[in-house]
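# Close look at the chain arrangement
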Amino acid sequence: MIKIEGQLLGPLGTNCYFVTNDETKEMVIIDPPVFLQRIADEIREKGLTLRAILLTHGHYDHAMGVPGFKKAFPEVPVYASESEAEVLMDPAVNLSKMFGEKALSASADVLLEDEEKFELIGCEWKFLLTPGHTRGSGCYYIPERGVLFSGDTLFCRSMGRTDFPTGSERSLFESLRRLRDLPDDTVVYPGHMDATVIGDEKKYNPFMNR
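Here's a quick rundown of the structure. None of these values were measured; they are calculated from a predicted model.

### Here we look at the nonpolar core
By size, the foremost hydrophobic cluster in this structure holds 27 residues, and its most contacted members are Met-27, Ile-29, Ile-43, Ile-53, Leu-55 and Phe-73. Mapped onto this core, the elements with two or more residues apiece are strand 2 (14-21), strand 3 (26-30), helix 1 (37-45), strand 4 (49-54), helix 2 (60-63), helix 3 (66-72) and strand 5 (78-81). Once residues lying within four places of it in the same chain are set aside, the contact partners of Ile-29 are Cys-16, Tyr-17, Phe-18, Ile-43, Leu-50, Ala-52, Ile-53, Leu-54 and Phe-69. Formed by 19 residues, the second largest nonpolar core is a distinct cluster that contains Tyr-17, Ile-30, Ala-52 and Phe-127.

Written out as structure tokens, the structure reads:
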């Protein structure tokens, strides 16, 4: 059984997700905005094995926790879009130089291409490149579970900003049109705000039909 838990973390209230396979005791973390020792301790106390850190994009409020988790769990790989390397590495582009308490310069161990599939915690995941918020923004889709982790591409009745470095409004509208092709009952877990479903977004999100 796959369990999805979200916590609002970091200065901007980012949705950090913890996806766990209760049978195998394996888990992944999606978009850690901060590193908290209590989370690392809880992972160990529960006997869980952290298999990966997945990044939807490289902005500091989604990735600032990466160095801390990599230090606590050195063997755990970080996944991100191959198009997002610049954002992760450059503090000026990932906004940590402007807004963060300290500069973020990080790298991913696994660079994903559009529609690349991979196995983690007993599930097949599919990476969907959805540029617009940043050049390499992407979503993590688990078809068999009907869930999508959309980062800052798609929000409940809204979408991510496009006025930051490497952002593009035109690209984001194209990405949202692509997400319309997912099944209506797909549950969307966004980087901010509440969870939603694709069917509702097609009806009520004004940006999905641009």
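### Remarks on the sheet that holds strand 5
With mixed pairing, six strands are arranged side by side in an open sheet as 1-2-3-4-5-6. In this open sheet, the two strands that pair with only one neighbour each are strand 1 (2-9) and strand 6 (110-112). Strand-to-strand twist across the sheet, computed as the mean angle between neighbouring axes with direction ignored, equals 20°.

### A few points about unusual backbone geometry
Even without being glycine, Leu-95 reaches a positive phi, approximately 75°. Structurally, the position occupied by Leu-95 is in the loop between helix 4 (85-89) and helix 5 (96-99). Assessed through its relative accessible area of 4%, Leu-95 is described here as buried. Of note in the backbone geometry, Ile-121 takes a positive phi value of approximately 45° without being a glycine. In this fold, Ile-121 is placed in the loop between strand 7 (117-120) and strand 8 (123-129).

### What about helix 1?
Of all the residues in helix 1, the buried ones are Ile-39, Ala-40 and Ile-43. Down the axis of helix 1, the buried side of the element spans an arc of 100°, and every buried residue falls inside it. Buried residues belonging to helix 1 abut strand 1, strand 2, strand 3 and helix 3. Following helix 1 by one or two positions, Gly-47 has its phi on the positive side, about 70°.

### Some points on the side chain of His-133
Mapped onto the elements of the fold, His-133 is located in the loop between strand 8 and strand 9 (138-142). The exposure class assigned to His-133 is buried, which follows from its relative accessible area of 3%. Within the structure, the side chain of His-133 is placed 3.1 Å from the side chain of His-59, a separation counted as a polar contact. At a separation of 2.7 Å, a polar atom in the side chain of His-133 contacts the main-chain carbonyl oxygen of Arg-161.

### Notes on the pairing of strand 7
Sheet faces and side chains relate simply in a regular strand, where the side chains alternate between the two faces. Burial of the side chains of strand 7 is restricted to one face: Phe-118 and Leu-120 are buried, whereas none of Lys-117 and Glu-119 on the reverse face is. As defined by bridge partners, strand 7 adjoins strand 8 across four bridges and the pair is classed as antiparallel. Each bridged residue has a counterpart across the sheet, and for Lys-117 the counterpart in strand 8 is Lys-126. Count of turn residues in the strand 7/strand 8 antiparallel hairpin: two residues, of which Ile-121 carries a positive phi of about 45°.

### Concerning the packing of aromatic side chains
Overall, the coordinates contain nine aromatic pairs when judged by the stated rule. Here Phe-149 and Tyr-189 contribute two aromatic rings whose centre-to-centre distance is 5.4 Å and whose plane-to-plane angle is 25°, an arrangement assigned as stacked. With Phe-149 in strand 10 (residues 147-151) and Tyr-189 in strand 13 (residues 187-190), the pair connects residues that are 40 residues apart, well separated along the chain. According to the relative accessible area criterion, Phe-149 is buried, its value standing at 1%.

### What about the pattern of salt bridges?
Oppositely charged side chains are able to pair whenever their charged atoms sit close together. Tallied over the entire structure, the rule returns eleven salt bridges. Measuring nitrogen to oxygen at the nearest pair gives 4.0 Å for the salt bridge that ties Asp-22 to Lys-3. Of this pair, Asp-22 sits in the loop between strand 2 and strand 3 while Lys-3 is found in strand 1, placing the two residues 19 residues apart along the sequence. Judged by relative accessible area, Asp-22 falls into the partly exposed class, the value being 30%. Judged by its relative accessible area of 34%, Lys-3 falls in the partly exposed class. Salt-bridge contacts for Arg-178 lead to Asp-114; the nearest nitrogen and oxygen are separated by 2.9 Å. One end of the pair, Arg-178, is in helix 6 (residues 169-179); the other, Asp-114, is in the loop between strand 6 and strand 7, with 64 residues separating them in the sequence.

Reading the values: the criteria
Residues numbered from 1 in each chain as written. Predicted model: local features only at pLDDT ≥ 70, side-chain atom pairs only at ≥ 80, totals over all residues. Heavy atoms only, no water. Core = buried A, V, L, I, M, F, W, Y, C linked by side-chain atoms within 4.5 Å. Buried < 20%, exposed > 50% of the residue type's maximum accessible area, 1.4 Å probe, protein only. Helix = DSSP H or I, 4+ residues; strand = E, 2+ residues; numbered from the N terminus. Contact = heavy atoms within 4.5 Å. Pairing = 2+ DSSP bridges. Axes fitted to C-alpha atoms, helices over the stretch in contact; angles between N-to-C directions. Arc of directions from axis to C-beta. Polar contact = N/O pair within 3.5 Å; in protein donor to acceptor, adjacent residues only side chain to side chain. Phe/Tyr/Trp six-rings, centres within 6.5 Å; stacked < 30°, edge-to-face > 60°. Salt bridge = Lys/Arg side-chain N within 4 Å of Asp/Glu carboxyl O.

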